[in-house]
Each structure stands twice: as structure tokens, then as C-alpha cells.
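Listed below are the residues making up each chain.
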Amino acid sequence: MSRRLRLWLLATGSAGVAALLVAAALDLPAFGGRWHPYGERAVQASLSRRTANTIASVNFDQRAYDTLGEIGILFAAVLGCVVLLRLARDEHRARPEPAEVARPVRRYALIVLPVALLTGIYLVAHGQLSPGGGFQGGVVAATALHLLYLGADYRALERARPLAVFETTDALAVGAYVVLGLAGVVAGTACLANTLLPYGTFNTLSSGGAVPLLNAAVGMEVASAVVVLLAGFLDQAVEIEE
Amino acid sequence: MHVFPYLVAAYVFLTGCHGLATSRNLIHAVGCLAVCQSSTYILLLAVGYRDGGTAPVFSDIRPGSRPLVDPVVQALTLTDIVVGATVTALLLALVLQIAKRHGTVDPDELRELRG
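Residues numbered from 1 in each chain as written. Chains lettered and ligands numbered in written order. Predicted model: local features only at pLDDT ≥ 70, side-chain atom pairs only at ≥ 80, totals over all residues. Heavy atoms only, no water.

### A short note on the packing of helix α4 (residues 64-84) of chain A against helix α3 (residues 71-102) of chain B
- For the pair α4(A) and α3(B), the least separation of the axes is 9 Å and the interaxial angle reads 20°. Here α4(A) lies roughly parallel to α3(B), going by the angle between them. Once α4(A) is placed against α3(B), the crossing between them reads as left-handed. Each of A:E70, A:I73, A:L74, A:A77, A:V78, A:G80, A:C81 and A:L84 in α4(A) lies in contact with α3(B), whose residues at this interface are B:T79, B:V82, B:V83, B:T86, B:V87, B:A89, B:L90, B:A93, B:L94 and B:Q97.
- Classifying every residue of the contact of α4(A) with α3(B) gives 13 nonpolar, four polar and one charged. (Axes fitted to C-alpha atoms, helices over the stretch in contact; angles between N-to-C directions. Helix = DSSP H or I, 4+ residues; strand = E, 2+ residues; numbered from the N terminus. Parallel < 35°, antiparallel > 145°, perpendicular 65-115°, else oblique. Left-handed = near helix turned anticlockwise from the far one by under 90°. Contact = heavy atoms within 4.5 Å. Nonpolar A, V, L, I, M, F, W, Y, C, P; charged D, E, K, R; others polar.)

Quick look at the structure:
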């Protein structure tokens, strides 16, 4: 297809889609309106199971089964990256030279690293109470580790990040999520129904039944997934040569 | 202006589609796909917004004391961001392999698949 024809096709298709989208937007409930039937029911369900953070309740209680599918996608995507970014037959590894780092950068990175790591772990642990949770906390913790690459060099990062351990943790975390779901089945309730554990006291670390545990599993998985992903791309950039 | 945020989402989506279709660089195309995806975040969060609403988290507010924005769409957006990031990484890894094997990242030059 010629480029000109393709652009015409795109213009026609886009105009059609745009017309449909505008028509749909005009029919949606007005922006900022008061009518949120699902939201209100989600808040009620979250309060009845003593989870202070409704978003965590939606993710790890009300739609915990969907979240299982989502972390499945996450796991599969990371697996695909590991396979695609492996060392090919006609490539070899070169040891990267230690790099000079400006002193203020080094100082800043090494001071911020433990703080950022702790923040990540805090976000995961308090996912059922305050804005945060496994998804965000995992990303924060994993990127905190990479301050080592900025502040020191690639070898220091490699020593702090045994890749096999993180790959295993990734798999184990998905496994833990599945096991928590199956525990419900074995105990006679439904998979991931959050009726197995006591709900605890509202607004404390132990509230929400299975929510904190599922949250921790997702936090572990996201953290190790991000570490493994970045390791793959950094390897390509720093170590692997044709 | 009660539909403006929805129209912004539609605009961002179509911009991403335009970029995808006219892209001459696969890395650029992956970026455009990310733009398409962000339009869904705008749409979801716009649907869930409520005038004067606060975050649906009860660690420091009494239940029922304030109007709340919709937690369901926020939860959907949240998971999609992380899953989207890893899928983008997978696509970039594919682009990396294509660049290595074929020596180009222009989709027009990848006419036929080679073994």
C-alpha cells in the first residue's frame, strides 16, 4: 500500500472513530457528577471488610481474581523479556570498566538509596491502610536499588542484585498469590474470596483479612520483575557486545 | 464543559493512533502505543471524578463525612500502569532483537520476515 493511500485510510478511519467517541462522550454521565453506583458499593464492601484503603480492597479483595490475571500478564511479560534479552550465539560479554562518578552525585545517591528502599517497603506494608500498595511500592523499592548504578557503578549494582534470586522471587511471589487463592478453595470457601482470615481491627496493619498478604505477594513480584527487566536492558547496554 | 475531559481522552487516543500508523521507527511506535494507553487512564479517572471529592482512603477521614471519587476506576488505572510498563518493556525487547537481526527499526523496511 502506498504511503498516500495509507494516510487516506487512516484519516477516514480516525474520523469515524472520532465521531463515535464524541457521540459516546456526550452520552456519558457529566464530569464530576454525583452518580457513582459502583464506587459507592465498593466503598461499602471495603468498610465491611475493614480495609481503610478502598483501592487496595478493590484490587485484592473484590477483584482479587482479576488481579491474578494481571500479575499473570506481568509475569509472562517479564519471562518474555528474559528470553528475548538473553545472550545470543554471536555475542559475548565484556566486563564494563569502573566509571568515575561526580562526588555530589555519589553522596546524594548513597544517602537517598536506603530512604527510597524503606519508602518502597513502607508503601507495600501499608497498602491496605494508606494510598500505596504492592504495585507502587514494588516499583519504588526496585528503582531505589538502581541508585547504586548512578552513585557507584554497574559492578556494585550487580553485586547488590543477584539476578537468579530476583528471578526466583518473581516466580515464588506469583506462586504465593495462587497458593493464597487455593487456600480458600481447600478451606471450603471460594478462590480469593477473602473469607478465610479474620478481618482484624479497622485501620491497623493487620486489617483486611487476606488483603495485606496478597498485597505483599504483588509487592514482591513487582519489585523483582522491575529489577529483572532493568537488568536485562542494562546488560544489553553495558555488557553485551557483538 | 461537562464532556471536555472525555474529549481530551479521545484526542490523546487518536493522536497515539496517528503516531502508530505513520511511524517510521519501531521505538517511536512503542511510545505511541503508550500514548494510546494513557488516554484510557484519562478516560477512567475522568469517569470516576466527583466534584469536591477526596481520595477513597479512610485512614484519616471518617467514613461518610466527605464525598469520594470512584475507587473502582482508580484501581483499574493503577494495575494497568504497572502491567502496561512491563508490556512496553517486552515490546522494546522485541524491537532490540529486530534491530540486531535486521539492522533496522523502520517497519517499512521489514517487508518480509526472514528466518
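### Re the pattern of salt bridges
Residues and elements named next belong to chain A.
- A full pass over the atoms with the stated rule returns eight salt bridges over all chains.
- We note a salt bridge from D61 to R49, for which the minimum N-O separation is 2.7 Å. A residue pair is termed long-range when its members are at least 10 positions apart, and D61 in helix α3 (residues 54-62) and R49 in the loop between α2 (37-48) and α3 qualify at 12 residues.
- Since its relative accessible area comes to 6%, D61 is described here as buried.
- Given the relative accessible area of 23%, R49 is considered partly exposed.
- Put simply, R63, D66 and E70 are held in one network by salt bridges that share partners. (Salt bridge = Lys/Arg side-chain N within 4 Å of Asp/Glu carboxyl O. Buried < 20%, exposed > 50% of the residue type's maximum accessible area, 1.4 Å probe, protein only.)

### A word on the environment of A:G133
All names here are of chain A.
- Within the secondary structure, G133 is located in the loop between α5 (103-125) and α6 (134-145).
- On the basis of relative accessibility, which here comes to 3%, the residue G133 falls in the buried class.
- Contacts of G133, omitting those with residues within four sequence positions, involve L123, V124, G127, G138 and N215.

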